[in-house]
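# Structural overview
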Amino acid sequence: MKAKLAMRRVKSAVLASACAAALFAAFAPPAFALKYAAVEHHLKVDPAIPAWKPAEVKSEPEEEIALVGADVMDEICLGWAKIFREAYPHLSVVLDLRASGAGAPGLIAGAKAPNSVIAPVGREMLPAEEKAFVEKFGYEPFRIKVATGSVGSLGKTATSIVMVDKDNPIKGLSLAQLDAIYSTTRKRGHADVKTWGDLGLTGKWASLPVHKYGLKAPNGIEWFFKINVMDMGDYKDDIQFVKGRGFTHAFNVAAEDMAKNPGGITYALLANVTPNVKVVPLSEKDGGPYLAPTLENVYTHKYPLSRFVYIYVNRKPGTPLEPKVKEFLKMVLSKQGQDVVAKEGVYIPLQPAVVKEELAKLD
């Protein structure tokens with residue numbers, strides 16, 4: 001009886017922390033996102049990804065694995081839970097999927113629980129979330145890529161794009177050029193960019209200032225841009241931060257504003273494209289090749305701003321994963337686990353090379 005009571009108290013603490021984080025995640029970001037997304041693809045799992053063969057996992061009565069985290073990953077998490085429950089009928093898998101912001105608090109609150117907490121997070125952990133975990137344990141949470149983000153949904157970790165005015169003649173941009181547009185530190189080594197002439201445009205565009213739009217931190221899209229474009233550099237101080245307006249997404253507000261600021265540029269999502277803007281192809285290196293955010297380019301991650309979604313767990317460096325947690329992650333990274341992702345039709349299954357890299361991290 002005492003063990004049951006202790007378990008309920010720990011579970012309540014996990015849920016309370018997760019709920020608080022979910023409320024923060026819901027109200028702090030300045031952008032509005034949808035939790036529903038229409039099917040975007042009919043991809044199949046690459047046959048080179050190995051099937052999962054469940055290993056023996058010992059469990060005690062009432063022992064649990066708790067998935068605490070992203071609501072936008074609920075469908076694939078439920079699919080994973082069904083597979084795991086069938087393989088281990090005596091091991092309970094419970095789901096508390098409120099928001100990506102619930103993941104880190106769930107890991108922190110559940111660390112001493114008799115069950116194991118697994119945190120599916122539909123983005124990279126934000127600085128404050130990771131800091132809270134490190135302050136508690138002295139090391140960073142362990143992270144595994146479990147799927148590729150969507151191509152263009154508003155809610156399901158969509159690929160980041162760059163939009164400019166529809167009449168802007170720019171043919172493409174490199175990540176170094178984007179860094180030079182937005183960053184004071186310019187860690188990618190490009191010369192400062194202030195006007196469109198600095199990017200090679202001529203005529204009336206040569207002297208036109210680059211008018212930058214963006215999201216105020218903390219926000220998952222802004223954080224992804226800072227990591228992957230700016231290499232954690234510092235922002236310029238003349239960025240126009242945009243906010244959602246009612247049910248109008250923040251980047252749609254930016255797109256509308258470009259009608260009076262033809263020199264505008266913003267990172268955004270494909271769902272934000274309006275008739276008065278266009279998507280700029282991007283390249284890892286100066287000079288191209290410049291690639292568009294197509295399904296194929298996102299699936300292969302050839303498009304530079306393709307995204308991943310993750311599972312985070314509490315694993316102290318140098319120590320093995322708990323057997324049931326390791327098996328769950330192996331299942332997620334298997335043919336069966338990635339088939340769940342594929343059949344959802346929004347998130348995209350991983351490629352074999354990525355699966356191989358992530359599986360190697362489990363040992």
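Everything numeric in this text was worked out from a predicted model, so none of it was measured.

Within strand β5 (residues 161–165), 5 of the 5 residues are buried, which leaves the element mostly enclosed by the surrounding structure. Where β5 and strand β10 (residues 277–279) come together, 3 bridges link them in antiparallel fashion. Bridging from a neighbouring strand, M163 pairs with V279 of β10.

Turning our attention to the sheet that holds strand β3 (residues 116–121). Taken together, 5 strands build an open sheet; the order of strands is β2-β1-β3-β12-β4 and the sheet is mixed. Looking at strand neighbours, the two that pair on one side only are β2 (92–97) and β4 (142–148), the edges of this open sheet. Strand-to-strand, the axes of this sheet are offset by a mean angle of 25 degrees, without reference to chain direction. On top of the sheet, helix α11 (residues 352–361) reaches β4 and β12 (308–313); it is set at about 160 degrees to β4, its chief contact.

Our next topic: the packing of aromatic side chains. If you walk through the whole model with that rule in mind, you get 12 aromatic pairs. Ring centres of F133 and F137 lie 4.6 Å apart, and the angle between their planes is 45 degrees; on these two criteria the pair is classed as tilted. Placement of the pair is F133 and F137 together in helix α4 (residues 127–137), with a separation of 4 residues, close to one helical turn. Overall, the relative accessible area of 0% leaves F133 in the buried class. Plain terms: the ring middles of Y310 and Y312 are 6.1 Å apart, the flat faces sit at 55 degrees to each other, and that makes the pair tilted.

Bringing the nonpolar core into the picture now. In terms of nonpolar packing, the biggest core is built from 55 residues, with M73, W80, F84, I311 and F328 touching the most fellow members. It is β12 that provides the largest number of residues to this core, a total of 6 residues. I311 has contacts with W80, I118, A119, P120, F142, R143, I144, V146, F328, L329 and V332, leaving out every residue within four places of it along the chain. Within the second largest apolar cluster, 41 residues are counted, among which are V193, F251, Y267 and L269.

On to the packing of helix α2 (residues 74–87) against helix α9 (residues 323–332). Where α2 contacts α9, the two axes come as close as 10 Å, and the packing angle between them is 120 degrees. Viewed along their axes, α2 and α9 adopt a mutual orientation that is oblique. Handedness of the crossing formed by α2 with α9: right-handed. Two secondary-structure elements touch here, α2 through W80, I83 and F84 and α9 through K324, E327, F328, M331 and V332. Of the residues assigned to the contact of α2 with α9, the class counts are 6 nonpolar, no polar and 2 charged.

Before going further, it helps to spend a moment on unusual backbone geometry. Looking along the chain, the bond that leaves A217 and enters P218 is cis, with omega of 5 degrees. Note that P218 resides in the loop between β7 (211–214) and α6 (220–228). Here the residue pair G288 and P289 is connected by a cis peptide bond, since its omega of 5 degrees sits within 30 degrees of zero. By secondary structure assignment, the location of P289 is in the loop between β11 (282–283) and α8 (295–299). The residue T157 is not glycine, and still its phi comes out positive at about 50 degrees.

So, about α11. What α11 keeps buried is the set V354, V355 and E358. One side of α11 carries all its buried residues, which in axial view fall inside an arc of 100 degrees. Along α11, exposed side chains directed more than 90 degrees from the buried face belong to A353, K356 and A360. Buried positions along α11 lie against β4 and β12.

For the rest of this paragraph, the subject is the sheet that holds β10. Taken in spatial order, the 5 strands of this open sheet run β8-β7-β9-β5-β10, and their pairing is mixed. Each edge of the open sheet is held by one strand with a lone partner, namely β8 (240–241) and β10. Where β5 and strand β9 (residues 264–268) come together, 4 bridges link them in antiparallel fashion. In the sheet register, M163 faces β9, and the bridge partner there is T266.

This part takes up the pairing of β4. Remark: a regular strand shows side chains that alternate across the two faces of the sheet. A large share of β4 lies buried, amounting to 6 of its 7 residues. Here β4 pairs with β12 via 6 bridges, running antiparallel. By the bridge assignment for β12, I144 is matched with I311.

On to the pattern of salt bridges, then. Two side chains of opposite charge can pair, provided their charged atoms sit close to one another. One pass over the full model with this rule turns up 17 salt bridges. With a shortest N-O distance of 3.6 Å, E75 and K156 are connected by a salt bridge. One end of the pair, E75, is in helix α2; the other, K156, is in the loop between β4 and β5, with 81 residues separating them in the sequence. Here K156 falls in the buried class, since its relative accessible area comes to 2%. Put simply, K212 and D238 hold a salt bridge, and the shortest N to O gap is 3.1 Å. Separated by 26 residues along the polypeptide, K212 in strand β7 and D238 in the loop between α6 and β8 bring together distant segments of the chain. For D238, a relative accessible area of 46% translates into the label partly exposed.

The rules behind these values
Residues numbered from 1 in each chain as written. Predicted model: local features only at pLDDT ≥ 70, side-chain atom pairs only at ≥ 80, totals over all residues. Heavy atoms only, no water. Buried < 20%, exposed > 50% of the residue type's maximum accessible area, 1.4 Å probe, protein only. Helix = DSSP H or I, 4+ residues; strand = E, 2+ residues; numbered from the N terminus. Pairing = 2+ DSSP bridges. Axes fitted to C-alpha atoms, helices over the stretch in contact; angles between N-to-C directions. Contact = heavy atoms within 4.5 Å. Phe/Tyr/Trp six-rings, centres within 6.5 Å; stacked < 30°, edge-to-face > 60°. Core = buried A, V, L, I, M, F, W, Y, C linked by side-chain atoms within 4.5 Å. Parallel < 35°, antiparallel > 145°, perpendicular 65-115°, else oblique. Left-handed = near helix turned anticlockwise from the far one by under 90°. Nonpolar A, V, L, I, M, F, W, Y, C, P; charged D, E, K, R; others polar. Arc of directions from axis to C-beta. Salt bridge = Lys/Arg side-chain N within 4 Å of Asp/Glu carboxyl O.

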